[in-house]
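Observations on chain architecture
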Amino acid sequence: MEYRIEISPLAKWRDSRGESVKSQIKDYLDIQVDKVMTRDVYTVSAGITPAEAEKIAAELANPVIQKGIVGESDVPGYEWLIVVGFKPGVTDNVGRSASEAVGDIIGRKLKRDEKVFSSVEYMICGGNLDHAKAHQVATSLANELIETVQILSHDEVKSGGVPLNLPRVTGFEGGKVREYDLEVSDDELMDISRKGILALTLDEMKVIQNYFRTASGRNEEGLKSCPTDVELEVLAQTWSEHCKHKIFDAIIDYEDENGAKERIVSCYKSFIKKSTHEIGEKDVDWLVSVFHDNAGVIAFNDKIDVVYKAETHNSPSALDPYGGAMTGIVGVNRDPMGTGQGAELLINVWGYCLGSPFSTPDKVPEGLLHPRRLRDGVHKGVIDGGNQSGIPYGLGWEYFDDRYCGKPLVYCGTVGILPKTVNGIKGSDKSIEPGDLIVMAGGRIGKDGIHGATFSSEELHQESPTQAVQIGDPITQKKMSDFIYEARNKGLYRFITDNGAGGLSSSIGEMAEKSGGCKMDLQKAPLKYAGLDPWEILVSEAQERMSFAVPVENIEEFKRLAAERDVEVTVMGEFTDNGKFHMTWGDKTVAYIDMEFMHDGLPRMQLKAKWQPPVFDEPELSNRDIAADVKAMMARLNICSDEYKARQYDHEVKGLSVIKPFVGKERDVVSDATVTMVEQLGSEGVILSCGILPRYSDVDTYHMMASIIDLAIRRVIAVGGKLGHIAGLDNFCWPDPVKSEKTPDGEYKLAQLVRANKALYEYTKAFKVPCISGKDSMKNDSTRGGKKISIPPTVLFSTIAKMEDVSKAVTLDAKFAGDLVYVIGTTRPELGGGEYYAMLDKTGNKVPQVDATYAQKIYAKVSAVTEAGLACSLHTPALGGLAVGFGKVAAGGRLGMDIDLNKIPSEGCASAAEILFSESNSRFIMTVSPANAERVAGLLGDIPFAEVGKVNNSGQLNMSGFGIDLNIPVSEIVLNYKKTLDGI
Amino acid sequence: MDCSKVKVLIITGFGLNCEKETAAAFTSNGASAEQVHLNDLLNGKHRLDEYHILAFIGGFSFGDHLGAGTVFANRVKFNLRDQLEKFVADGKLIIGICNGFQTLTRLGLVPAVDGEYFKQQAALAHNDSGVFRDDWIHLTTNEDSPCVFTQGIKNIRMPIRHGEGKFVAEQDIIDKLEANNQVVFRYADANGKATDKFPMNPNGSLNSIAGICDPSGRIFGLMPHPEAFLSPYNAPDWTVSKLKGELPEKGEGSIIFENAVKFAAENLV
């Protein structure tokens, strides 16, 4: 029996959702309607009586503010009713919670075939919308990749009512396996790869063809000398750029601008791993587990280790910003959760590279969402994912450039803590014995997220698969994580890992390497609905799933505990040591591949890279109105406050926050870094910071990389941290760097990659900041609408540092009138690739460089000042240089400052613009009580620094020297800093 | 007075997430706190009568789907009502914070005007802004309130973090709440004066109400998070206080739990 349960807000209270939708329609479509009313509908399809349905309606409604009825209420005054529900098979989190509630109300759990489907109905009043306009409104309310939309006129509703929302999945058979004949022409091989979204090259297809000609043991298993679809899919996932990092592993012949040549065998091994390895050998003793597990692990104290990982989720977020970004955050949560014996989650981080929300429509490639809507969706996804998981955010940023209109970058990261020992074994260890059971826990498998790994290894094109989109369910994951820590503490499993890209094929494939093989029955997999073929089950990226190796003797207790925590677990098979990746469908073998071929059979790519430094115009800097420029810079998208969005992320849950993302008197200036305690009421903490400077890449990725490493490190110093216990994460996002017809400039882009890697090696090593984990995403281009847009080479360098005593932390806001203002570090005319030149629509050539020896000397001295508690405020300038730095320090304290530009330590600067807007690295602005001036000067010693002015009570930022004499009201700085994204 | 005999029950699971800091809030004030999964109460492994104080904590039970607190409150109401009635009748203490406050209103444990427990009289609606908000706010206390948890507090600060925190009720309920001094906390400006101005009043609550109690003062619900301000280093301006030499030893939120633990030690153990 089916019932429509309708929950409406009582008319006497404000319908906040309706009002938000009304303003969204204005913002996205420039359509003004008079009013939007909303209501929630739960369509219950279950064996319940009409009286029970009435009871459900009454109990689900909040009687103070809502009315619940069975059926449909007649609401006067609207013209269009828009119904938004989910497509069949798409995760309906609200519907799932509703079925839990229905179960409680009727006193029995709903059966598997009894369902509750949720939908939202919007009633649009006024605005004189015709059907076409109403359709526009409807599509702005829904994402038609995953949601269904119905548009009904009021008359249609009156005469026929609203049709029941019953998106059932029906009519599939499932269980089918087909074979691929690979004894075909090259063109046909490539056709197989393309049509199957396998993203395999011809060379790779040929290696596969050759393997199956001679592979042993297949006859005995009833297989022919050609692959099944299961086998081909497994290889495509395992060998995808996303999973195998083929470009970072390639052999590259690199030639520089002078014609000097060198051969690099794997950028990853030659630069990233090498630096970490060398630092670990010589300089630091706190590396615990780097590069080989789901996240990097470093020692913290004698009780815990700290785990950190950051990832991107770019392609899914481009198509479905909300779902893509949400799975970005809840997905990366599973990395620490699947590291060692399973880390508890402490802090989330996020950062997005996007097109301007104010972009004109012509900037947006055909079929992709406008950056404003995309941004709203991405934020909402990570907000919901993070908040509902109960994890505070400790760092968040946005970077805007038109070149991200084709592909947004959505970075998400998570810090976790891992006990040093769990049940007598090291918390960071994991192992598998042959005979251990393969167990999957968490969500069920559906067609969602199929081909995520292979599709994200291609550029976004017109036919990008919609089924690659997944929707996260943070609550299912939270329930699972609560269960995991209980099971971990009881020692019920030997190994845990997450199911991410490539689904079970990747997770079990990688786990099986530990024991030397696996045998798994895909028919045992718990499905969301019937009708999946074995290959789909194996590669589905349906969310909220972890895989375990459970010793046979523990399985009953493992299952019992899971049942008590409402977590579904399934024994899928067992780990073996026969060297085979063996999949069955019941008794029938559907895949039988040598583990060795699967993991090591992929031929290495051979690529060419050629570096030629670009030359750009220099802007004209004379006769600038510096006061106007300072104000305009404060308001620029890459500098201004995004507080409206950031405050929608919880950053206080767990009660650990010490230096918050926003600081200052009115808590509205973005902090350089954050400090978080690792346990409630503790004194030890972690500092999180990062650097990202994509426009420096336009000049030279070498200096871009050096600068982001320096920036991330000096931000640690700026909040009171020290050198010595800082670890890094590298996240590379690149445009396709492989030369081809589509990418004629591939050799240059690959040279940019090589140069960034060279700098990473040199600077991480010099600073003794090893990378402990990293990720790359290599095909960030869009070819939609016949226009190619490539992102600028972008690297996010994230740091995590140990802070022994959080009470030594410092914030950037000026504290007291009368304090002295110091500038530490030398300013040079380094504005190339910087934000000031970007405002002038130029790139320039003199990109900021880094001298690591000099920088470390400065950092040690500045740390000595914070350690002694003598810095009242400390800030490190970045985009927009000292001008923006002074602005933030003054705005933070709502205090004025007098600054003499002539006193700022500088070399080669000829104008106020150069002094103020240069983005030279390794600099700080510090305010100090006059009483401590001598001690501070003594501690800073012989590094370049100067007292350049005073904090005052005048409410004015006064700057003089180099031919200017400016008085800018701090209130105007605040206004400009906050207005750009206020309410957006 | 032996605070260590005070036993606190913190119900966890289904997307709740403030168990650790809430446990720390009680244990740092001398009580023993147990984090118990709701299923372990439903299946009888634990019973409410083992405890003196019950905390409904913050988080997103069932993802806030169907309205914050709705699904969780239903589960409690249909499965634990007898135990809960006895707990209330025994005069034991209950605190509901954020999602826990939403749950308490859905259960009808606050405000229970006219002693009508288990009848919903008030609600926490969507914030006027339409979005979730994380910020620090000032609260002023109704010093005439019987609320056990807030004795001795005048003005206090703590974080808020919610999307559904606008306190609403019919006018007659509001009038009675006010008359009976069941309004405990109001959103205030920095000087401790109640205000309905955003962002000081972050959600548009009627009469700026941030927290209420039942007529006995033993059941307390509030939207802000005192358990997230246990350390003085949680304060948004602690760096200024420290430079001035005015940094207190404890975070301001701690006293709410201290009051509860002391009351329980004196009256319930």
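Before going into details, it helps to say that this report is about the structure given with it. (Residues numbered from 1 in each chain as written. Chains lettered and ligands numbered in written order. Predicted model: local features only at pLDDT ≥ 70, side-chain atom pairs only at ≥ 80, totals over all residues. Heavy atoms only, no water.)

1. What to know about the overall build of chain B
For chain B, the helix and strand inventory stands at 7 helices and 11 strands. Over its C-alpha trace chain B gives a radius of gyration of 17 Å, about what one expects of a compact globule, namely 18 Å for 269 residues. Expressed along its principal axes, the backbone C-alpha trace of chain B runs to roughly 50 × 40 × 35 Å. Restricting the contact set of chain B to residue pairs at least 6 apart, pairs at least 24 apart contribute 76%. As presented, chain B carries roughly 8700 Å² of accessible surface, and 45% of it is formed by carbon and sulfur atoms. A distance of 2 Å separates the average location of the 26 positive side-chain charges in chain B from that of its 33 negative side-chain charges. (Helix = DSSP H or I, 4+ residues; strand = E, 2+ residues; numbered from the N terminus. Rg over C-alpha atoms; globule rule 2.2 N^0.38 Å. Contact = heavy atoms within 4.5 Å. Areas by Shrake-Rupley, 256 points an atom, 1.4 Å probe, with all protein chains shown as cover. Lys, Arg positive; Asp, Glu negative; His and termini not counted. Charge placed at Lys NZ, Arg CZ, Asp CG, Glu CD.)

2. Thoughts on the interface of chain A and chain B
Each partner contributes to the interface: chain A provides 63 residues, whereas chain B provides 65 residues. Here chain A meets chain B over a buried area of about 5300 Å², counting both sides, of which 56% is carbon and sulfur. The largest per-residue losses of area from chain A upon contact with chain B belong to D104, R647 and L681 of chain A, which jointly make up 11% of the total buried on that side. Joining chain A to chain B, the criterion identifies 12 salt bridges. With a closest N to O distance of 3.6 Å, D135 of chain B and R647 of chain A form a salt bridge. Counting the contacts that link chain A with chain B gives 32 residue pairs in polar contact (both at pLDDT 80 or more). Elements represented by at least two residues in the side of chain A that touches chain B include exactly α1 (16-29), α2 (50-60), α3 (93-106), α13 (371-389), α15 (474-489), α18 (555-564) and β25 (657-659) of chain A. (Buried area = accessible area lost by both parts, 1.4 Å probe. Salt bridge = Lys/Arg side-chain N within 4 Å of Asp/Glu carboxyl O. Polar contact = N/O pair within 3.5 Å; in protein donor to acceptor, adjacent residues only side chain to side chain.)

3. Observations concerning the pattern of salt bridges
Residues and elements named next belong to chain A. Under the defined criterion, the tally for this structure stands at 93 salt bridges over all chains. Across the pair E311 and K775 runs a salt bridge whose closest N-O atoms are separated by 2.7 Å. Placement of the pair is E311 in strand β11 (residues 304-312) and K775 in strand β31 (residues 771-777), with a sequence separation of 464 residues. Residue classification places E311 among the buried residues on the basis of a relative accessible area of 17%. (Buried < 20%, exposed > 50% of the residue type's maximum accessible area, 1.4 Å probe, protein only.)

4. Here's the deal with unusual backbone geometry
Look at the link from V110 of chain B to P111 of chain B: it is a cis peptide, with omega at -5°. Here P111 of chain B lies in the loop between α4 (99-107) and β5 (122-125). Here the residue pair F198 of chain B and P199 of chain B is connected by a cis peptide bond, since its omega of 0° sits within 30 degrees of zero. The residue P199 of chain B is located in the loop between β9 (183-188) and β10 (209-213) in this model. Positive phi, close to 75°, is recorded for S266 of chain A, a residue that is not glycine. Among the residues examined, S266 of chain A registers a relative accessible area of 0% and is labelled buried. Even without being glycine, C98 of chain B reaches a positive phi, approximately 60°.

5. Some points on the sheet that holds strand β21 (residues 569-575) of chain A
Residues and elements named next belong to chain A. Spatially, 7 strands are ordered β18-β20-β17-β21-β19-β22-β23 in an open sheet, and the strand pairing comes out mixed. Looking at the sheet topology across the chains shown, the edges are occupied by β18 (495-498) and β23 (588-594). The average angle at which neighbouring strand axes cross in this sheet is 25°, direction not considered. As paired elements, strand β19 (residues 518-521) and strand β22 (residues 580-585) share 4 bridges and run parallel to each other. By the bridge assignment for β22, C518 is matched with F581. (Pairing = 2+ DSSP bridges. Axes fitted to C-alpha atoms, helices over the stretch in contact; angles between N-to-C directions.)

In short, geometric facts, not functional conclusions.
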